[in-house]
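# Coordinate analysis (summary)
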Amino acid sequence: AERQYSAPMFFELRTSISSSSIEKDAAASSSDNAPAISSSSSGEEREEMMFVTHAAALEFTAREGTIGLPPLVVDRLGGDAVALQRVTVKYTKLPKCTYGRLQPIGHEFQTDIENVKEVLEAELARHSTLSEGDNIIVDYCDKSYVLRVLELKPAPAVCVIETDMEVELAPSVEHNDYMQRRRAENERLRAEKERQDTELAEAAMRQAEAEAERGRKEGEDAIMQAKARAAAEG
């Protein structure tokens, strides 16, 4: 079936995939071709994960009963494991985006790229929609960087076609992990220092008590010796 629209049409795509299928897909190499996805369901009951994303279309061609998805949308719906699942497609309206908060997965995105603003603007110009939870792949100088969409305004799913939006970069996932490890290490060092200080204070107290006891004994000995001399002279 072939469809053409005079303006972009926005769609919500929703599917459920078992966690075991996702693990198998993660272990397999991904395909560069967009899979044709059957609209039938296996009906098998199992523990599943829900995936929701959005897309826009000006033209659409696919076999009856199937939809063709580009690789980026497939990734957002759980990877190649979605090929065996039912995908629910629903027409929707999306507001223009005014704000987006993105989080790089690796810290290299902000250290490798000097003109981050220009690179992000160029990448977002390639997209029609964004949904909270989506991953964005930024290709720059033969490297790929993954950014996660954390927050969008004025809605959790938005249109980014010809829109002026504010973009904020959150600290990377690796940075957050690093800061957690650093805080944990600082806490360990603080606890170790407190333990050492306590041990030193206790050792100093024992030494002071020992010196006081030695002084007391020396005083008693001196008194005894003085009494002995006095008795001998008497």
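If you're wondering where the values come from, they're calculated on a predicted model, not measured in any experiment. (Residues numbered from 1 in each chain as written. Predicted model: local features only at pLDDT ≥ 70, side-chain atom pairs only at ≥ 80, totals over all residues. Heavy atoms only, no water.)

## Points about the side chain of Asp134
Looking at the secondary structure, you find Asp134 in the loop between strand 7 (129–131) and strand 8 (135–140). For Asp134, a relative accessible area of 2% puts it in the buried group. Setting aside residues up to four positions removed in sequence, Asp134 forms contacts with Val52, Thr53, Arg76, Leu147, Arg148 and Val149. (Helix = DSSP H or I, 4+ residues; strand = E, 2+ residues; numbered from the N terminus. Buried < 20%, exposed > 50% of the residue type's maximum accessible area, 1.4 Å probe, protein only. Contact = heavy atoms within 4.5 Å.)

## Thoughts on the pattern of salt bridges
For the structure shown, the criterion picks out 14 salt bridges. When the shortest N-O distance is used, the salt bridge between Lys90 and Glu12 registers 3.9 Å. With Lys90 in strand 5 (residues 87–92) and Glu12 in strand 1 (residues 2–18), the pair connects residues that are 78 residues apart, well separated along the chain. Overall, Glu12 belongs to the buried group, its relative accessible area being 14%. Ionic pairing is found between Arg195 and Glu192, a salt bridge with its closest N-O pair at 2.3 Å. Taken together, the residues Arg195 and Glu192, both in helix 5 (residues 173–233) and 3 residues apart, mark about one turn of the helix. Residue class for Glu192 comes out partly exposed when judged on its relative accessible area of 27%. Each of the salt bridges in this network shares a partner with another, and the network as a whole consists of Glu12, Arg14 and Lys90. (Salt bridge = Lys/Arg side-chain N within 4 Å of Asp/Glu carboxyl O.)

## Section: the confidence of the model for the protein chain
Averaged over the protein chain, the pLDDT score is 82; the fraction of residues at 70 or greater is 84%. Within the model, the stretch residues 29–44 combines pLDDT values under 50 with 32 contacts to residues more than four positions away or in other chains. (pLDDT = per-residue confidence, 0-100.)

## Re the state of the cysteines
This model, assessed by the stated rule, comprises 0 disulfides. The cysteine Cys97 is free of any disulfide, with Cys159 supplying the nearest cysteine sulfur at 9.0 Å. Residue classification places Cys159 among the buried positions, given a relative accessible area of 5%. (Disulfide = S-S within 2.5 Å.)

## A closer look at helix 4 (residues 116–124)
Those residues of helix 4 lying buried are Val116, Val119, Leu120, Glu123 and Leu124. All buried residues of helix 4 fall inside an arc of 125° around its axis, so they share one side. Buried residues belonging to helix 4 abut strand 6 (99–104), helix 3 (108–112), strand 7, strand 8, strand 9 (143–153) and strand 11 (166–169). (Arc of directions from axis to C-beta.)

## Description of the packing of aromatic side chains
Per the counting criterion, the structure on display carries 2 aromatic pairs. Seen from their ring centres, Phe11 and Tyr91 are 6.4 Å apart, and the 75° between their planes marks the pair as edge-to-face. With Phe11 in strand 1 and Tyr91 in strand 5, the pair connects residues that are 80 residues apart, well separated along the chain. A relative accessible area of 17% means that Phe11 is categorised as buried. In this structure Tyr91 comes out as partly exposed when scored by relative accessible area, which is 45%. Ring geometry for Phe109 against Tyr145: centres 5.8 Å apart, planes inclined by 70°, an arrangement best described as edge-to-face. With a gap of 36 residues between them, Phe109 in helix 3 and Tyr145 in strand 9 connect regions that are remote in the sequence. For the residue pair Phe109 and Tyr145, the accessibility class agrees, reading buried in each case. A cation sits over an aromatic face here: Lys153 above Tyr99, 5.0 Å from the ring centre. (Phe/Tyr/Trp six-rings, centres within 6.5 Å; stacked < 30°, edge-to-face > 60°. Lys NZ or Arg CZ within 6 Å of the ring centre and 35° of its normal.)

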